[in-house]
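# Coordinate analysis (summary)
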Amino acid sequence: MRNIHDLEKRWFRYKLKSFIPHVLISLMVVISIALILSVFNKQLANKSSEVILLNNKEQKVVATKIIEEVKVAPIKPQITLKEIKKEATKAIHKSEKKLTLTPSLDFIKSIRTSSTESYNTNDFQQTQKKEIPKKKIIRYKQAVQQNQEKNIFIQKQETQSDIDHVIKRFHKNNNPVLSLFIAKKYYKLGDYKQSYNYALLTNQINNGIEQSWIIFVKSLMQLHKKEQAINILKSYIQHSKSANAKVLLDNIQSGKFK
Amino acid sequence: MNSSLYTNSKDVFLDTVDAKDYVQLDRVSTIYQSLKDSVKKPLKMILLYGKPGTGKSMFLTKLCQDLSQNQEMYYYKTPILDESEFFKSIAHDLYEVKDDKELNFTQIMKLMQLNEKKEVPLILLDEAQLYSDKQMEKIRLLSDTRKIKFVIALHKTQSEDLIAKEHFQTRIWESIELKNALSAELKIYIQKKLMKANCFDSANMFSNASIKLIYKLTNGNYRDTNKLLRTVFEIYEWYYEHNLSKINTNVMSNKIIEMAAIKVGLIDA
């Protein structure tokens, strides 16, 4: 046999040829796996970016809404007593239609004298006389002023200044949330007359705030007006079916209330 | 192990049809026995068919060797395509007619009727697919006389199924198909062949893996296997003489088997 070298070469070529399909198939498999993985990763990345974009959009939408709300919300530079009085009478009208309970607004005078000089007391008193029954009017003007002065010295300056700031804001926008906050603060501070007054004011602006009525009744209780507090609470329960008010009434009647 | 062993091993796989080289395998032995039994039966024709290299010629050779002592038998290894020559050969072998004159079908029929024999003589026709249809039809008519019996070996080609041919369907009473060896049979065949020639070291070189490769290349065909292994040992012989370091004398190298396959054309490289 003379052509062994040639045969070896042919065999080498044959082996190379026979390996090519295996190499190609393995390459194809590797490439296809890599492609599948990359596509899968891209899809995942797209989904996550979409989620981020959506979140950003949602955040933007929320932010713009807030900004719009802020822009839309009217900021009145000054509130005259007339405006407050008008709004108060409107609220009273509304409350008269729904509720038989209409407490006094006489304490407003005390606020007027302490805060603004431009209050028109005559108009206010007239509306009070027309809209609110006299039986339920309680005047605490002097007591309020005395207590305020006392509390200024008793309580921390920070708390009082906070309340003053909120009172100023309330006078600006007549927001019942602020008046309720003030009522609660005064109740906590033990200034029950002021808490009574602000709770009453809150109820006049919006007679549907349960917390305001509870603070109102609690303040009356602290001012030793138990009968009046019970009557008011009963009227409110009859009107609103409030569970918290019922609990409070039970506590008052059973003597648990402190 | 020396180069002469490889030379001897190479010679074992020479593509010759010799009854001495017949290797007994279980399946092949069964088939051979059934052929022998068929010959004893009062059949007109026996068909032995299979793909090239499945051992038809070897079967006929072996049958001729085994039965010729007890039975009148004539083995035509190559087909006699000329009709007159074919009849003349039969007349010469069976009836010792030594006439150079042409002999036609009618004359041979007359001759057969005149010279009736006690025992029906057997004629083995190899490569019978080369006979024309006309000639095959005359062979059928001769067998119909029951004065002569034929064992016909032919290739089973893919293009035409010879058994389906009318003259075979109607006349043949026994047909035996020969098939390629199975992988296990191939191992036995190779090792038996080598051990017959006392090439034990060479026989031990074949592992299951190398047999598997040989089977894959030859599909169990005996002729292809012989060709391949002859070339394998030829290559071994060359390496032993020129570059001994390149071969392992204990284990059959797949590389050398593949090289041999390239050489004999079983691998297209």
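None of the values given here were measured: they were computed from a predicted structure.

### Some thoughts on the overall build of chain A
A tally of regular secondary structure across chain A gives 11 helices and zero strands. Taken from N to C terminus, the helices and strands of chain A fall in the order α-α-α-α-α-α-α-α-α-α-α. By the burial criterion, 36% of the 258 residues in chain A qualify as buried. When the accessible area of chain A is evaluated, it comes to approximately 16,900 Å², of which 57% is carbon and sulfur surface.

### Some words on the overall build of chain B
Counting its secondary structure elements, chain B contains 12 helices and five strands. A separation threshold of at least 6 residues defines the contact pool for chain B, and within that pool the share at least 24 residues apart is 76%.

### Here we look at the sheet that holds strand β5 (residues 174–178) of chain B
Within a sheet, each strand pairs with its neighbour through backbone hydrogen bonds, oriented either parallel or antiparallel. Residue and element names in this part refer to chain B. If you trace the five strands from one edge of the open sheet to the other, you get β2-β3-β4-β1-β5, paired in parallel fashion. For this open sheet the edge positions go to β2 (73–76) and β5, each flanked by a neighbour on one side alone. Neighbouring strand axes in the sheet, compared pairwise and without regard to direction, differ in orientation by 15° on average. One ladder, built from four bridges, connects strand β3 (residues 122–125) with strand β4 (residues 149–155); its direction is parallel. The residue of β4 that forms the bridge with L125 is I152. The sheet strands contacting helix α3 (residues 56–67) are β1 (45–50), β2, β3, β4 and β5, and the helix crosses β2 at an angle near 155°.

### Remarks on the side chain of K149 of chain B
All names here are of chain B. Note on placement: K149 falls in strand β4. Comment: no salt bridge for buried K149; closest opposite-charge side chain is E119, at 7.9 Å. Engagement of the side chain of K149 in a polar contact is seen with the backbone oxygen of K41, the distance being 2.5 Å. Beyond its immediate chain neighbours, meaning those up to four positions away, K149 contacts V39, K40, K41, P42, L43, K44, V120, P121, L122 and I123.

### Remarks on the interface of chain B and chain A
The interface of chain B with chain A comprises 13 residues on the first partner and 10 residues on the second. In total, chain B and chain A occlude about 1,300 Å² of area from one another, counting both sides; carbon and sulfur atoms represent 68% of this. The three residues of chain B that bury the most area against chain A are W238, I262 and A269 of chain B, which together make up 38% of that side's buried surface. If you look at where chain B meets chain A, you find three salt bridges. The interface formed by chain B and chain A contains four residue pairs in polar contact (both at pLDDT 80 or more). Those elements that place two or more of their residues in the side of chain B that touches chain A are α11 (222–242) and α12 (254–264) of chain B. Here the residues of the side of chain B that touches chain A sort into seven nonpolar, one polar and five charged.

### Topic: the nonpolar core
With 64 residues, the main nonpolar core has F59, L124, I190, L194, F206 and V232 of chain B as its most contacted residues. When residues in this core are grouped by element, the largest group, nine residues, is from α11 of chain B. Discounting chain neighbours no more than four positions away, the residues touching F206 of chain B are K187, I190, Q191, L194, I211, I214, L229, F233 and M252 of chain B. In terms of nonpolar packing, the next biggest core, distinct from the first, is built from 34 residues, V166, I232, L248 and L249 of chain A among them.

### Some points on helix α5 (residues 105–114) of chain B
All names here are of chain B. Listing the buried residues of α5 in full gives F105, I108, M109, L111 and M112. Within α5, the buried residues cover an arc of 160° as seen down the axis, which keeps them to one side. Along α5, the residues that are exposed and aim more than 90 degrees away from the buried face are T106, K110, Q113 and L114. For α5, the secondary structure elements touched by its buried residues are α4 (83–95) and α6 (133–144). N-capping of α5 is provided by N104, with a side-chain oxygen placed 3.3 Å from the backbone N of T106.

### Remarks on the pattern of salt bridges
Under the counting rule described, the total for this entry stands at 17 salt bridges over all chains. K255 of chain B is the salt-bridge partner of E8 of chain A, the closest N and O atoms lying 4.0 Å from each other. Within this pair, whereas E8 of chain A is found in helix α1 (residues 4–72), its partner K255 of chain B is found in helix α12, the two belonging to separate chains. Residue D144 of chain B is joined to R140 of chain B by a salt bridge in which the shortest nitrogen-to-oxygen separation is 3.1 Å.

### Structural notes on the confidence of the model for chain A
Residues and elements named next belong to chain A. Considering every residue of chain A, the mean pLDDT works out to 73; 56% of them sit at 70 or more. Confidence over residues 70–78 falls short of pLDDT 50; this stretch has three contacts with residues more than four positions distant or in other chains. Confidence over residues 115–130 falls short of pLDDT 50; this stretch has 28 contacts with residues more than four positions distant or in other chains.

About the criteria used
Residues numbered from 1 in each chain as written. Chains lettered and ligands numbered in written order. Predicted model: local features only at pLDDT ≥ 70, side-chain atom pairs only at ≥ 80, totals over all residues. Heavy atoms only, no water. Helix = DSSP H or I, 4+ residues; strand = E, 2+ residues; numbered from the N terminus. Buried < 20%, exposed > 50% of the residue type's maximum accessible area, 1.4 Å probe, protein only. Areas by Shrake-Rupley, 256 points an atom, 1.4 Å probe, with all protein chains shown as cover. Contact = heavy atoms within 4.5 Å. Pairing = 2+ DSSP bridges. Axes fitted to C-alpha atoms, helices over the stretch in contact; angles between N-to-C directions. Lys, Arg positive; Asp, Glu negative; His and termini not counted. Salt bridge = Lys/Arg side-chain N within 4 Å of Asp/Glu carboxyl O. Polar contact = N/O pair within 3.5 Å; in protein donor to acceptor, adjacent residues only side chain to side chain. Buried area = accessible area lost by both parts, 1.4 Å probe. Nonpolar A, V, L, I, M, F, W, Y, C, P; charged D, E, K, R; others polar. Core = buried A, V, L, I, M, F, W, Y, C linked by side-chain atoms within 4.5 Å. Arc of directions from axis to C-beta. pLDDT = per-residue confidence, 0-100.

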